[in-house]
There are 6 protein chains.
Amino acid sequence: MQKQNAGLTHVNGHGKANMVDVTDKQITQRQAVAEGYISMSTQAFTMLKDNTHAKGDVLSIARIAGIQGAKKCSDLIPLCHPLMLSKVQLDFQTIDGVNGDENKVRIQALCKLAGQTGVEMEALTAVSVAALTLFDMCKAVDPHMQISDIKVLSKQGGKSGDWSC
Amino acid sequence: MQKQNAGLTHVNGHGKANMVDVTDKQITQRQAVAEGYISMSTQAFTMLKDNTHAKGDVLSIARIAGIQGAKKCSDLIPLCHPLMLSKVQLDFQTIDGVNGDENKVRIQALCKLAGQTGVEMEALTAVSVAALTLFDMCKAVDPHMQISDIKVLSKQGGKSGDWSC
Amino acid sequence: MQKQNAGLTHVNGHGKANMVDVTDKQITQRQAVAEGYISMSTQAFTMLKDNTHAKGDVLSIARIAGIQGAKKCSDLIPLCHPLMLSKVQLDFQTIDGVNGDENKVRIQALCKLAGQTGVEMEALTAVSVAALTLFDMCKAVDPHMQISDIKVLSKQGGKSGDWSC
Amino acid sequence: MQKQNAGLTHVNGHGKANMVDVTDKQITQRQAVAEGYISMSTQAFTMLKDNTHAKGDVLSIARIAGIQGAKKCSDLIPLCHPLMLSKVQLDFQTIDGVNGDENKVRIQALCKLAGQTGVEMEALTAVSVAALTLFDMCKAVDPHMQISDIKVLSKQGGKSGDWSC
Amino acid sequence: MQKQNAGLTHVNGHGKANMVDVTDKQITQRQAVAEGYISMSTQAFTMLKDNTHAKGDVLSIARIAGIQGAKKCSDLIPLCHPLMLSKVQLDFQTIDGVNGDENKVRIQALCKLAGQTGVEMEALTAVSVAALTLFDMCKAVDPHMQISDIKVLSKQGGKSGDWSC
Amino acid sequence: MQKQNAGLTHVNGHGKANMVDVTDKQITQRQAVAEGYISMSTQAFTMLKDNTHAKGDVLSIARIAGIQGAKKCSDLIPLCHPLMLSKVQLDFQTIDGVNGDENKVRIQALCKLAGQTGVEMEALTAVSVAALTLFDMCKAVDPHMQISDIKVLSKQGGKSGDWSC
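Reading the values: the criteria
Residues numbered from 1 in each chain as written. Chains lettered and ligands numbered in written order. Predicted model: local features only at pLDDT ≥ 70, side-chain atom pairs only at ≥ 80, totals over all residues. Heavy atoms only, no water. Helix = DSSP H or I, 4+ residues; strand = E, 2+ residues; numbered from the N terminus. Contact = heavy atoms within 4.5 Å. Areas by Shrake-Rupley, 256 points an atom, 1.4 Å probe, with all protein chains shown as cover. Expected span 1.5 Å × (residues − 1). Buried < 20%, exposed > 50% of the residue type's maximum accessible area, 1.4 Å probe, protein only. Least-squares fit on C-alpha atoms with pLDDT ≥ 70 in both. UniProt positions renumbered as here; feature names shortened; annotations may be inferred. Buried area = accessible area lost by both parts, 1.4 Å probe. Salt bridge = Lys/Arg side-chain N within 4 Å of Asp/Glu carboxyl O. Polar contact = N/O pair within 3.5 Å; in protein donor to acceptor, adjacent residues only side chain to side chain. Pairing = 2+ DSSP bridges. Phe/Tyr/Trp six-rings, centres within 6.5 Å; stacked < 30°, edge-to-face > 60°. Lys NZ or Arg CZ within 6 Å of the ring centre and 35° of its normal. Core = buried A, V, L, I, M, F, W, Y, C linked by side-chain atoms within 4.5 Å. Axes fitted to C-alpha atoms, helices over the stretch in contact; angles between N-to-C directions. Parallel < 35°, antiparallel > 145°, perpendicular 65-115°, else oblique. Left-handed = near helix turned anticlockwise from the far one by under 90°. Lys, Arg positive; Asp, Glu negative; His and termini not counted. Nonpolar A, V, L, I, M, F, W, Y, C, P; charged D, E, K, R; others polar.

Student: What is the right way to read the overall build of chain A from this model?
Tutor: Tallying secondary structure elements over chain A gives four helices and five strands in all. From first element to last, N terminus to C terminus, chain A shows the α and β order β-α-α-α-β-β-α-β-β. Considered along the principal axes of its C-alpha atoms, chain A spans approximately 65 × 35 × 30 Å. Long-range pairs, those at least 24 residues apart, make up 73% of the contacts in chain A between residues at least 6 apart in sequence. Total accessible area on chain A is roughly 5600 Å²; 48% of this is exposed by carbon and sulfur atoms.

In structure tokens:
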């Protein structure tokens, strides 16, 4: 900061919070994919697949919620930069529980951007909001669902290079 | 998407929603103009022109609401991209009803952007929110107003070229 | 206001804006129904009915957008009170154009509340945002659609009593 | 709805979405507790406990994000009712990984309301947003963290009675 | 919290943040008045009074911004409860600088609510956002304006009783 | 605007509001620093320094609120352009009142951007929201605090050149 800041001292370090300065970063194409799962009872799962939940079209609504959630990322997560996503895509896969495994819905989100910062938080937010929406749509049938294994699957663009799990 | 998506199948197509991928589109200057109308009783219309509605300065407040509404477009419309409008302008025209025609206020919005996607949805949103605000300001006098003929008048920039109605 | 306001004068009346004081109003059950229409080309209309628009499931996404829009009413319209909707419902009807009439989608929204103020602006906002979303979903096929005839159909509860068009 | 709806037919059921009508529900005290976990590498975990992450005071910022997230629940989840939380509380617990288990942070959220609808979605949203914020704060050190086991622990008030896992 | 919280320990106290629990508080009528000032050069002040600033109708726009700002209070201030304001009113007074005093605009905001918590933060937020908007509208003419003396003037309702400065 | 606007006349100038057109402005690095103060009683001030306020970690929470507030600037201030801040930083300094002076907390905010418009409104908004949050956190101890001397300290980049107070 400028010289008029000379006398300014952080007050005993409480609550330090540093938003990374991306002013000088290059604008490059960036992309991230995240995923997560929600497990549910066989009744709730069957109704989801048959599209018979009373609150409506479960996956359709979760998809929209996830897309809208990705756009709200910097409003939800304090140190995220506002950015202009050029693409958000949500995909769902139903995984029948066999041999005692749980029935699960897999949620996957892809976010893209031509910008100065990565978009993995946007992809993770899309997955989380979609999962919460699935929970809301099915909770009358199964209030004991569980959201799990939310993580970044792959990331492209930016200084840290490409990687995938 | 990446190869880890290989096993992923859309679940029976319900609720498909595709946000157009604009990552590779060029940043160009874009502009759109939209318009709409609200018709009202002679009493409400006269009070609007005389600026005597009890809730206040009708057109002033509608103008601000329209500008703010344009900025919220991607929050309201699920598949719109977030973008950074460089200009929003709202104009109003009062049209006296003659020969049995209705009294109308014409609302026109101009939006501009240097970006990757068109701004007609932003202009239409500005018109719609301004019209709703006009309704709210005048509804104590005339609860039977009608908002009509909201459309895009012209569009410039982008792949589809320039056009006007 | 209080006596310390004694010396305060409105500055030349510019921009007066009065949010109605509802502090003393009773909490009653209130309900409003609004409707609106969007007209479109036969191609866009057929694709909507066949659910083949490239951006996805047109009515599904418009429905969610309308519900979410109703909740944002007081954020969009400056003098609307914040309130807690207890029900929002969107319904769509496709109306084939015969004898040269236009093809139309009819959008109807119902809002309910136990509160101190009417909910017609929320119902109108739901209709408007749903109509804008229909526009966004179909505009690649028909950029010349028109949104029309947005009005309040009926209102129940509150001081002004029940009425319908 | 009213009789003017008589001719209205749902268009082929796509995208049905029913916001539960809570207009006639009694206002009662309601409470919900939700929890979730984020697992991370020993390095990231140690830095979190020592409060040495470069982006700042991890738990402090996640706590605020979780509280703010709970308030945004009805904006994020399409069919949630807007409501006025009377209390939101976030608690964190660090759990050292022993015998090859992973290091984890446990996030717990309590939401309270005197209202017409349950608050478990608000508590789940608080947990999810706090978990995403923890991810954002620590991802420079460990980009492979995982958010898991988000569920409702207990619920009090309302028609379905009290229960806990 | 419940007994399942028994093993939970606050992690070293960092970032504690307690939203006051108002669940059991009575719903009473509450009101608060706040004020603040912005001082500006004679040129900017004269243009404000003559309504000749290039960006438009300064006080009109600041008034709307202040009303909208009051509604956003709980979104801006982390530990504020969401609430449903029943009245927001903004008043402005121009005070000519005499004898070397500065020219000032006085901003006063009144907020009302029938609810469980006081509304002084809403009134202060309305004043602050109106002041910021005045700054934005006039800054092309005077970038050295100063916003000052924002405080609560009076408060009515609630446990702490009525008081005024 | 376009030629179809030919017949359009501003309706008697009420509520004019011009968002500056920045479409043709160059993207340059821009930076602004703003500051403000809040004065409080010795008891509230001592508790702030000792971090013993009942609502929690005062400066930590104000810092986050300020950062989030900066991102919301264009939503709060009607004619501000939406933009993508690349850096927001908040700093606090406690200034003991000596010789009868008041105890004060100094709040300073830095905002950065590579964009088409200045960021002083964002820096001022960050300071204002942080000050309001400090007020909220300490008001149980001192309801008579005062927020003052909010102004721009320096500005860099853009057509008007660099300057500092």
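Student: Whenever I open this one, helix H2 (residues 58-71) of chain F confuses me. Can you help?
Tutor: Because each turn of an α-helix spans 3.6 residues, side chains separated by three or four positions in sequence point in the same direction. Helix length check: H2 of chain F (14 residues) gives 20 Å between terminal C-alpha atoms against 20 Å at 1.5 Å per residue, within 8%. H2 of chain F sits mainly inside the fold: 14 of its 14 residues count as buried.

Student: It is not clear to me how the relation of the copies chain D and chain A should be interpreted in this structure. Could you clarify?
Tutor: For these two chain copies, the linking operation is a rotation about an axis paired with a shift along it. The transformation that overlays chain D on chain A combines an axial shift of 0.0 Å with a rotation of 180°, and the residual RMSD is 0.0 Å. This pairing of chains is accounted for by a two-fold axis. Across chain D, the rotation axis passes nearest the C-alpha of Ser148 of chain D, at a separation of 1.9 Å.

Student: So what exactly am I meant to see when it comes to the UniProt feature "active site" (unreviewed entry) in chain A here?
Tutor: Residue and element names in this part refer to chain A. Taken from the UniProt record, the annotation "active site" (unreviewed entry) applies to Asp136. Within the element layout of this structure, Asp136 appears in helix H4 (residues 120-138). What makes Asp136 buried here is its relative accessible area of 2%.

Student: It is not clear to me how unusual backbone geometry should be interpreted in this structure. Could you clarify?
Tutor: Phi is mostly negative for residues that are not glycine, and the peptide bonds are mostly trans. In this model, Asn99 of chain E sits at a positive phi of 55°, which is unusual for a non-glycine residue. Positionally, Asn99 of chain E belongs in the loop between strand S2 (87-95) and strand S3 (103-115). The phi torsion at Asn51 of chain F lies on the positive side, around 55°, for a residue other than glycine. Structurally, Asn51 of chain F is set in the loop between helix H1 (42-50) and H2.

Student: Please clarify how the interface of chain D and chain A should be interpreted in this entry.
Tutor: When the parts come together, some accessible area is lost, and that loss is often what is quoted as the size of the interface. Taken residue by residue, the interface counts 44 residues in chain D and 44 residues in chain A. Buried area between chain D and chain A, summed over both chains or domains, comes out near 3700 Å², and the portion from carbon and sulfur atoms is 64%. By the criterion of area lost to chain A, the three top residues of chain D are Lys16, Leu76 and Leu132 of chain D, representing 15% of everything that side buries. Where chain D packs against chain A, one counts two salt bridges. Between Lys72 of chain D and Asp75 of chain A there is a salt bridge whose closest N-O contact spans 3.2 Å. Our count for the chain D to chain A interface comes out at 18 residue pairs in polar contact (both at pLDDT 80 or more). At the level of secondary structure, the elements contributing two or more residues to the side of chain D that touches chain A comprise helix H2 (58-71), helix H3 (73-76), helix H4 (120-138) and strand S4 (146-156) of chain D. Ranked by residues supplied to the side of chain D that touches chain A, first place goes to H4 of chain D with 11 residues. One ladder, built from two bridges, connects strand S4 (residues 146-156) of chain A with S4 of chain D; its direction is antiparallel. Bridge assignment links Ile147 of chain A to a residue of S4 of chain D, and that residue is Ile150 of chain D.

Student: Whenever I open this one, the interface of chain B and chain C confuses me. Can you help?
Tutor: In this assembly, 44 residues from chain B lie in contact with 44 residues from chain C. When the two sides are added together, the surface that chain B and chain C hide from each other amounts to roughly 3700 Å², 64% of it contributed by carbon and sulfur. Looking only at chain B, the three residues that lose the most surface to chain C are Lys16, Leu76 and Leu132 of chain B, adding up to 16% of its buried area. For the pair chain B and chain C, the interface holds two salt bridges.

Student: Is there a simple way to think about the pattern of salt bridges in this case?
Tutor: Between side chains of opposite charge, pairing is possible as soon as their charged atoms come close. On inspection of all chains with the given rule, the structure shows 48 salt bridges over all chains. The salt bridge partner of Lys49 of chain A is Asp96 of chain A, with a shortest N-O separation of 2.5 Å. Of this pair, Lys49 of chain A sits in helix H1 (residues 42-50) while Asp96 of chain A sits in the loop between strand S2 (87-95) and strand S3 (103-115), and the two are 47 residues apart along the sequence. In this structure, a network of salt bridges that share partners links the residues Lys72 of chain A, Asp75 of chain B, Lys72 of chain C together with Asp75 of chain D.

Student: How should the packing of aromatic side chains be read in this particular structure?
Tutor: Each aromatic ring pair is characterised by the separation of its centres together with the angle its planes make. One pass over the structure, following the stated rule, counts zero aromatic pairs over all chains. If you follow Lys104 of chain B out to its NZ or CZ, it ends over the ring of Tyr37 of chain B, 5.5 Å from the centre.

Student: I keep staring at the pairing of strand S4 (residues 146-156) of chain F and nothing clicks. Help me out?
Tutor: Every regular strand shows the same layout, with side chains that alternate between the two sheet faces. All names here are of chain F. The sheet contact formed by strand S1 (residues 28-40) and S4 spans eight bridges and is antiparallel. Bridged to Ser39 within S4 is Gln146. Hairpin connection between S4 and strand S5 (residues 163-164): a loop of six residues separates the two successive antiparallel strands, and Gly157 in this loop has a positive phi of roughly 90°.

Student: Explain the nonpolar core to me, please; I cannot follow it from the model alone.
Tutor: Buried together is how nonpolar side chains tend to be arranged in soluble globular proteins. Leu134 of chain A, Leu134 of chain B, Leu134 of chain C, Leu134 of chain D, Leu134 of chain E together with Leu134 of chain F are the most contacted members of the largest nonpolar core, which totals 305 residues. Residues contacting Leu134 of chain C, with those up to four places away along its chain left out, are Ile38, Leu48, Val58, Leu59, Ala62, Phe92, Val105 and Ile107 of chain C.

Student: What should I look at first to understand the packing of H4 of chain A against H4 of chain D in this one?
Tutor: Closest axis-to-axis distance for the H4 of chain A/H4 of chain D pair is 11 Å, and the angle between their directions is 165°. One element, H4 of chain A, and the other, H4 of chain D, form an angle in the roughly antiparallel class. Remark: the crossing between H4 of chain A and H4 of chain D carries right-handed chirality. Between H4 of chain A and H4 of chain D, the residues in contact are Met121, Leu124, Thr125, Ser128, Leu132, Phe135 and Asp136 of chain A and Met121, Leu124, Thr125, Ser128, Leu132, Phe135 and Asp136 of chain D, respectively.

Student: How do you make sense of the environment of Asp50 of chain B when you look at a structure like this?
Tutor: The residue Asp50 of chain B is located in helix H1 (residues 42-50) in this model. Judged by relative accessible area, Asp50 of chain B falls into the exposed class, the value being 52%.

Student: Would you take a moment to explain the side chain of Asp142 of chain E for this structure?
Tutor: Its place among the elements puts Asp142 of chain E in the loop between helix H4 (120-138) and strand S4 (146-156). The buried charged residue Asp142 of chain E lacks any salt bridge partner; its closest oppositely charged side chain belongs to Lys151 of chain F, at an N-O distance of 11 Å. Of the polar contacts made by the side chain of Asp142 of chain E, one reaches the backbone nitrogen of His144 of chain E; its length is 2.8 Å. Ignoring anything within four residues of it in the chain, the contact list for Asp142 of chain E reads Met40, Ser41 and Ala44 of chain E.

Student: Could you clarify how one ought to interpret the packing of helix H2 (residues 58-71) of chain B against helix H4 (residues 120-138) of chain B in this entry?
Tutor: A packed helix pair is summarised by two numbers, namely the angle formed by the two axes and the spacing between the axes. All names here are of chain B. The N-to-C vectors of H2 and H4 enclose an angle of 145°; their axes lie 7 Å apart at closest approach. When the axes of H2 and H4 are compared, the crossing they make is right-handed. Each of Val58, Leu59, Ile61, Ala62, Ala65, Gly66, Gly69 and Ala70 in H2 lies in contact with H4, whose residues at this interface are Glu122, Thr125, Ala126, Val129, Ala130, Thr133, Leu134, Met137 and Cys138. Per-class residue counts for the contact of H2 with H4 are 12 nonpolar, four polar and one charged.

Student: Help me out: how do you make sense of the pairing of strand S3 (residues 103-115) of chain F in this one?
Tutor: Residue and element names in this part refer to chain F. Most of S3 sits inside the fold, with 11 of its 13 residues counted as buried. Note that S1 and S3 share 13 bridges and pair antiparallel. Each residue of the ladder has a partner; that of Ala34, found in S3, is Ala109. Of the pairings in the sheet, the one linking strand S2 (residues 87-95) to S3 comprises nine bridges and is antiparallel in character. Residue Ile95 lies in a different strand from S3, and its bridge partner there is Lys104.

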